[in-house]
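One letter stands for each residue in the lines below.
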Amino acid sequence: MNLTQLFDLSFQGRREAVALEFAGRTYTFGEIDDRSNRMAALFGERGLEAGDRLCVYLSNCLELIDIYLGCVKSGVIFVPINILYREREILHILTDAEPKAVIAAQEMPGSVPFWPVSGLQTPERAERPEILLDGDAPAAIVYTSGTTGASKGAILTHNNFAANALNLISCWGITAGDRFLLALPLFHVHALGNGLHCWLIGGCRMRLLERFEHQKAAAEFLDFRPTLFFGVPTVYVRLLDLAPETAREIGGFMRLFVSGSAPLPAQVLEEFREKFGHTILERYGMTETLMNISNPYTGERRAGTVGLPLPGVSARIVEGELQLRGSNVFAGYWRRDEATRAAFDAGWFKTGDMAERSTDGYYTLLGRKSDLIISGGFNIYPREIEEFLLEQEEVAEAAVVGVPDRLRGEVPVAYVVPRRPFDAAILEARCRESLASFKIPRAFISVEKLPRTALGKIQKHMLPKWGE
């Protein structure tokens, strides 16, 4: 069974029910179905075929949903691009994925045919494409940085997305009666893999926001009165700023708050429980595997842990590293056979996360095997920033580390061995031109040399602490 057939639980079974609220308008499941049929027809008119890649660089909007569903129905592989990425990062994905086209709101770098989203004129009526797709067909390629700094495309199949959504719908008690507020970006698997698929298969009513704006958060909650909300730790820190009476009112109609994409500090969980009357459900997932482990909906949600493996997901710890196996695990990295082989151990996916398991089965993550920085739910691999800094003529050596930050969890800080005196503001400006905003170092610290082992490996833990 493919995703379209699962989505028919709502497209056909709840056709007249309100499915979506966006920008002040509502749409039924039938309208969402029809819109995506027309988008799939447009793709056919423009020469897209099953297996072709289509890159998309858009913030949350109705058209992004139409495009994704049009891809799912026609077998075209959806390739989302982080809208915070700049030319350097975008060009890498466009080169690696070799898409037939890229859809965006503005001109894109490179030579890939550009389709402006405003120019997507779909036919007035269209039937669903007649194409045979099984569960192993690729649905999306989602790029995730590797430890070498080179971004790799994780191939996610119809089965991957289906297994993930069915697990979450079952384990988190999602029903057609839920009201789901989604403010996370759809280019990320948190919103795409969890949010979009749970909504369409489970059949709840969703309000989609273009982005999370903490100044407007209270108004959105009080107006829509959701029962279900997915967020990252940064969002929950922002929600703690709400007035106590507002928090209590929101807690009164909410059923479930879920947190992921970065570790949730135990202090935030406790403060949130006291203020909103809800214990946030923390879970653990990755781009390559979607959701793996989750605290229980009914049962103890244990602070500091990510809970228990989801149904059908097998977990083990080998030399401290968490490894996973199940139908949620991706099909491999796009055109990177060597990287795919290196990522698996006899069928087990090596997550790169260090973990421990309690005697009663709860898993706790201890940090990355590599030096990954997770800032506001986004993965930052220091080597990518270091390589860019080394391109600057003032910089002889560079090391980037993560430092604790209450709002974002971690932020990057750069240690620079200069060739000549440098202006930190100028380095920051250059970074802003070439790197996503969340990758910009919070500080550029000049040091005489970087601490190294006898074999020349940088000992980042021996760098002077920022702010001390």
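Below is a summary of the structure that appears in this document.

Rules behind the numbers
- Residues numbered from 1 in each chain as written.
- Predicted model: local features only at pLDDT ≥ 70, side-chain atom pairs only at ≥ 80, totals over all residues.
- Heavy atoms only, no water.
- Helix = DSSP H or I, 4+ residues; strand = E, 2+ residues; numbered from the N terminus.
- Rg over C-alpha atoms; globule rule 2.2 N^0.38 Å.
- Buried < 20%, exposed > 50% of the residue type's maximum accessible area, 1.4 Å probe, protein only.
- Contact = heavy atoms within 4.5 Å.
- Areas by Shrake-Rupley, 256 points an atom, 1.4 Å probe, with all protein chains shown as cover.
- Lys, Arg positive; Asp, Glu negative; His and termini not counted.
- Charge placed at Lys NZ, Arg CZ, Asp CG, Glu CD.
- Axes fitted to C-alpha atoms, helices over the stretch in contact; angles between N-to-C directions.
- Parallel < 35°, antiparallel > 145°, perpendicular 65-115°, else oblique.
- Nonpolar A, V, L, I, M, F, W, Y, C, P; charged D, E, K, R; others polar.
- Pairing = 2+ DSSP bridges.

### A word on the overall build of the protein chain
Item 1. What the protein chain contains, in helices and strands, is 13 helices and 25 strands.
Item 2. A globule of 468 residues ought to have a C-alpha radius of gyration of about 23 Å, and the protein chain, at 22 Å, matches this closely.
Item 3. In the protein chain, buried positions account for 56% of the 468 residues.
Item 4. Across the protein chain, the fraction of contacts at a sequence separation of at least 24, relative to all contacts at a separation of at least 6, is 67%.
Item 5. Accessible surface, the protein chain: about 19600 Å² in total, of which carbon and sulfur atoms supply 49%.
Item 6. One way to put it: in the protein chain the 51 positive side-chain charges average out to a point 2 Å from where the 58 negative ones average out.

### Here we look at the packing of helix 1 (residues 3-11) against helix 6 (residues 189-202)
Item 1. Their axes nearest at 6 Å, the elements helix 1 and helix 6 cross at an angle of 55°. Here helix 6 runs oblique to helix 1, going by the angle between their axes. Counted together, Leu3, Leu6, Phe7, Leu9, Ser10 and Phe11 of helix 1 and His197, Trp199, Leu200 and Ile201 of helix 6 form the full contact between these two elements.
Item 2. Residue composition of the contact of helix 1 with helix 6, grouped by class: eight nonpolar, two polar and no charged.

### A look at the sheet that holds strand 14 (residues 290-294)
Item 1. One open sheet accounts for nine strands, arranged 2-1-10-9-11-12-13-14-15; its pairing is mixed. The outermost strands of the open sheet, each flanked by one partner alone, are strand 2 (25-28) and strand 15 (308-309).
Item 2. In this structure, strand 1 (residues 18-22) lies alongside strand 2, joined through four bridges in antiparallel fashion. Bridge pairing links Leu20 to Tyr27 in strand 2.

### Side note on unusual backbone geometry
Item 1. Even without a glycine there, the phi angle at Ser261 is positive, about 80°.
Item 2. Tracing the backbone through its elements, the reader meets Ser261 in the loop between strand 12 (256-259) and helix 10 (266-276).
Item 3. Of note, Leu290 is a non-glycine position whose phi angle comes to about 55°, a positive value.

### Observations regarding the side chain of Thr246
Item 1. If you trace the backbone, Thr246 turns up in helix 9 (residues 244-253).
Item 2. Looking at Thr246, the relative accessible area reads 17%, which means it is buried.
Item 3. Apart from residues no more than four positions distant in its own chain, Thr246 is found in contact with Ala218 and Leu222.

Distances and angles like these do not, on their own, reveal function.
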